[in-house]
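So the chains spell out like this:
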Amino acid sequence: MSKRVEYYLCGKFISEGNWSHMRRSMPVHEIILMLEGEMYIAEDEEKYVVRAHDLLFLKAGRTHYGYRVSDAPVSFYWIHYGAAPDVFSSFPTHSSIQVPSMANQLFKQLLHVCSFSPEEADAAALLLLKELERNLQTDYRPHSAVVDHICKWVDIHLHTNMTVNQIAEQFNFNKDYISKMVKREKGVGLKAYILTERMRRAKRLLLNTNASVKEIAAQCGFNDYKLFLRTFKQHEGNTPTEYRNHLYSTQLNRL
């Protein structure tokens, strides 16, 4: 085939129970990402029990079938696709996925775009398969560890005029992807995270050092002093000087 990956069909299967997979052999590959329950399925004569967050790769030309009925509710995503012989050929038949949230998101994206055009469906399928391939690598790091590394880098370079684009290039990610990844772990996107950390550093320096406001602005990555003043007031509700003076005007009660 001329394409690296060619999308055919995808879907989300839901059963309330008393179900087993049909017997069939297809000319295309199938990948199943289990969401809920247990599925009892065999490929040729090899039997598998597939549970939540498990990945099942059923190769083209082989016979697969349910060898036992699933009594409890079952749900999973599935995709049928074709691929060149040397593309994604290293998938194990049965494995557990390390970061199911990203795979879930990419399956949802595929379900969304598959009706748009063949080119968009192929691209979404390729993106999904690349993520699954990364997930199955032994040196794959879950997103939480990656995000921690990104946040440490941001903290070290907080005094510079960094941008989301520059950070994305530093870590070889798309700028939208890296921002979404940070938001999943930190609750805010990368741009908002940088601003929050700049303000946190500014407040710490205002309260614990005698540095001037202009010096603090520079240490927090603001080349434009007036922009720092406006940003701080918008973020904290008062100016840096008012924030600093408030501490010293507050009565301290000691026992």
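What you see is a predicted model; the values in this text were computed from it and never measured. (Residues numbered from 1 in each chain as written. Predicted model: local features only at pLDDT ≥ 70, side-chain atom pairs only at ≥ 80, totals over all residues. Heavy atoms only, no water.)

Another aspect to go through is the overall build of the protein chain. A tally of regular secondary structure across the protein chain gives nine helices and nine strands. Here the C-alpha atoms of the protein chain give a radius of gyration of 26 Å, more than 25% beyond the 18 Å that 2.2 N^0.38 yields for 255 residues. In terms of principal-axis extent, the alpha carbons of the protein chain reach across some 75 × 50 × 35 Å. Evaluated residue by residue, the protein chain yields a buried proportion of 42% over its 255 residues. When contacts within the protein chain are restricted to residue pairs at least 6 apart in sequence, those whose partners lie at least 24 apart make up 69%. Measuring between centres, the 32 positive side-chain charges of the protein chain sit 10 Å from its 28 negative side-chain charges. (Helix = DSSP H or I, 4+ residues; strand = E, 2+ residues; numbered from the N terminus. Rg over C-alpha atoms; globule rule 2.2 N^0.38 Å. Buried < 20%, exposed > 50% of the residue type's maximum accessible area, 1.4 Å probe, protein only. Contact = heavy atoms within 4.5 Å. Lys, Arg positive; Asp, Glu negative; His and termini not counted. Charge placed at Lys NZ, Arg CZ, Asp CG, Glu CD.)

Another point: the state of the cysteines. Working definition of a disulfide: a covalent bond connecting the sulfur atoms of two cysteines. In the structure shown here, the tally under the stated rule is zero disulfides. Residue Cys151 stays outside any disulfide, its sulfur separated by 17 Å from that of Cys220, the closest cysteine. Overall, the relative accessible area of 6% leaves Cys151 in the buried class. The class of Cys220 is buried, set by a relative accessible area of 0%. (Disulfide = S-S within 2.5 Å.)

A few words now on the layout of surface pockets. Of the volumes computed, that of the largest pocket is approximately 300 Å³. Surrounding the largest pocket, 16 residues form its lining, Met102, Leu106, Gln109, Leu127 and Tyr177 being those nearest its centre. Sorting the residues of the lining of the largest pocket by element identifies α1 (100-113), α2 (118-135) and α5 (175-186) as the ones contributing at least two each. Here the element with the most residues in the lining of the largest pocket is α5; it accounts for five residues. Mapped onto the domain boundaries, the lining of the largest pocket takes at least three residues apiece from domain 1 (5-137) and domain 2 (143-249). Considering only enclosed or pocket space, the second largest pocket measures out at about 230 Å³ in volume. Along the walls of the second largest pocket sit Asn161, Met162, Thr163, Val164, Lys191, Ile194, Leu195, Arg198 and Phe222, which together make up its complete lining. With four residues, the top contributor of residues to the lining of the second largest pocket is helix α6 (residues 190-208). (1 Å grid on protein atoms, 1.4 Å probe; cavity = no way out; pocket = protein on both sides within 12 Å on 5 of 7 lines; lining within 4 Å. Points joined across faces, edges and corners; volume = space filled by probe spheres on them. Domains from an automatic or database assignment.)

Here we come to the environment of Lys233. Summarising the element assignment, Lys233 is placed in helix α8 (residues 225-236). For the pair formed by Lys233 and Ser70, sequence separation is 163 residues and the distance between their alpha carbons is 59 Å. With near-sequence residues (within four places) excluded, Lys233 lies in contact with Asn238 and Thr239.

Right, let's get into the packing of aromatic side chains. Enumeration according to the criterion identifies eleven aromatic pairs in this entry. Seen in terms of ring centroids, Phe13 and Phe76 are 4.9 Å apart; in terms of plane orientation they differ by 20 degrees. Their pairing is stacked. A residue pair is termed long-range when its members are at least 10 positions apart, and Phe13 in strand β1 (residues 5-15) and Phe76 in strand β8 (residues 74-83) qualify at 63 residues. Overall, the relative accessible area of 23% leaves Phe13 in the partly exposed class. (Phe/Tyr/Trp six-rings, centres within 6.5 Å; stacked < 30°, edge-to-face > 60°.)

It is worth spelling out the UniProt feature "domain: HTH araC/xylS-type" (unreviewed entry) in the protein chain at this point. Under the local residue numbering, the UniProt record ascribes the feature "domain: HTH araC/xylS-type" (unreviewed entry) to residues 148-246. Between the C-alpha atoms that bound residues 148-246 the distance is 33 Å, and the span itself is 74% helix and 0% strand. (UniProt positions renumbered as here; feature names shortened; annotations may be inferred.)

The pairing of strands in a sheet comes from backbone hydrogen bonds and takes either a parallel or an antiparallel form. On the basis of which strands lie adjacent, the open sheet formed by four strands has the order β2-β7-β4-β5 and antiparallel pairing. Bordering the open sheet on either side are β2 (24-25) and β5 (46-50), each of which pairs with just one other strand. The pairing of β2 with strand β7 (residues 63-66) spans two bridges and is classified as antiparallel. Counterpart to Ser25 in the pairing with β7 is Thr63. (Pairing = 2+ DSSP bridges.)

Its twelve residues give α8 an end-to-end C-alpha distance of 16 Å, which sits within 8% of 16 Å, the value for a rise of 1.5 Å per residue. When we look at burial in α8, the residues that qualify are Phe228, Thr231 and Phe232. What you see down the axis of α8 is that its buried residues fit within an arc of 100 degrees, all on one side. In α8, the exposed positions angled more than 90 degrees off the buried face are occupied by Lys226 and Gln234. Where α8 begins, the side chain of Asp224 points an oxygen toward the backbone nitrogen of Lys226, at a separation of 3.0 Å. Downstream of α8 by a residue or two, Gly237 has a phi angle that is positive, lying close to 90 degrees. (Expected span 1.5 Å × (residues − 1). Arc of directions from axis to C-beta. Polar contact = N/O pair within 3.5 Å; in protein donor to acceptor, adjacent residues only side chain to side chain.)

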